[in-house]
Amino acid sequence: MSPSKIPGLKTCGAMKWPSLSYRRLLLLGLILAVGAGLRYYRLGAHDYAGDEVYALIRSLQHTCRELWDMRDSYEPTFNFMVLRGWGKWFDPRDEAGMRLLPALESLLALPLLYALGARICGYPSALLATLFLALSPLAVLYGRSLRWYSLLTLLSLATVYCY
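Every value quoted in this text rests on a predicted model; they were computed, and no experiment measured them.

(A) Focus on the overall build of the chain. Scanning the chain from terminus to terminus reveals eight helices and two strands. Across the chain, helices and strands are ordered from the amino to the carboxyl terminus as β-β-α-α-α-α-α-α-α-α. A burial count over the chain gives 33% of its 163 residues as buried. By sequence separation, contacts in the chain at least 24 residues apart represent 65% of the contacts at least 6 residues apart.

(B) Looking closely at the pattern of salt bridges. Under the defined criterion, the tally for this structure stands at three salt bridges. The partner of D51 in a salt bridge is R147, and the shortest N-O contact between them spans 3.9 Å. Here R147 lies in the loop between α7 (137–143) and α8 (149–162) and D51 lies in helix α2 (residues 50–60), a separation of 96 residues in the sequence. R147 sits in the buried class, given a relative accessible area of 7%. As a salt-bridge pair, E52 and R99 come within 2.8 Å of each other at their nearest N and O atoms. Residue E52 is found in helix α2, and its partner R99 is found in helix α5 (residues 95–120); the two are separated by 47 residues along the sequence. Each member of the pair, E52 together with R99, is buried.

(C) Just the side chain of S145, in detail. Note on placement: S145 falls in the loop between α7 and α8. Once residues within four sequence positions are removed from consideration, S145 is found in contact with E52 and P102.

So, how was this worked out
Residues numbered from 1 in each chain as written. Predicted model: local features only at pLDDT ≥ 70, side-chain atom pairs only at ≥ 80, totals over all residues. Heavy atoms only, no water. Helix = DSSP H or I, 4+ residues; strand = E, 2+ residues; numbered from the N terminus. Buried < 20%, exposed > 50% of the residue type's maximum accessible area, 1.4 Å probe, protein only. Contact = heavy atoms within 4.5 Å. Salt bridge = Lys/Arg side-chain N within 4 Å of Asp/Glu carboxyl O.

Listed below in C-alpha cells is the structure:
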C-alpha cells in the first residue's frame, strides 16, 4: 500500500502528517491552561518552608562533584544538581523564580501523562487522567514546592512512557 493510500494521513508537501483531532487538542490545551494557572498563580506569595530552605542550602553551597560524593539514599542528588543549575539563572531569594522549576516540571508531566494514557488506554481515558493530575491538590502542592516530588513525577512518567 502506498503512503498516500493510508487512512488518517494527510499530505503536506513531501511529508505525511497524522490527522489531528482539533477537539482533543483544544481539550488538552484547556487542561494544560488550567493546570498552569493552578501551579503558577501567586507562586512566590509565601516564604520558603523549612525543607525548601534545606534543599536550597544543600544545592547552592556545594559543587556538583561534592553533591555527588555526599549522596545518600533518602535524598535524590540529581534534584540538588538541577536546583544548583537553576539557581544560577534566578536569585535564590526570589521564591517565585526558584519555584518556577518544580512548577514547570509538574506542568510538563501533564502532556506526558496524556501521551502515556493515549498509548495505553486511548484518548478519552488519557484526557481524564490528565485532567485529574492537573486538578489534583497534591500534584499542585508539590508543583509549587521546591522539592524533588514534581521531578520524580515527571521522570517516572517518562520512564514508563519510554519502556
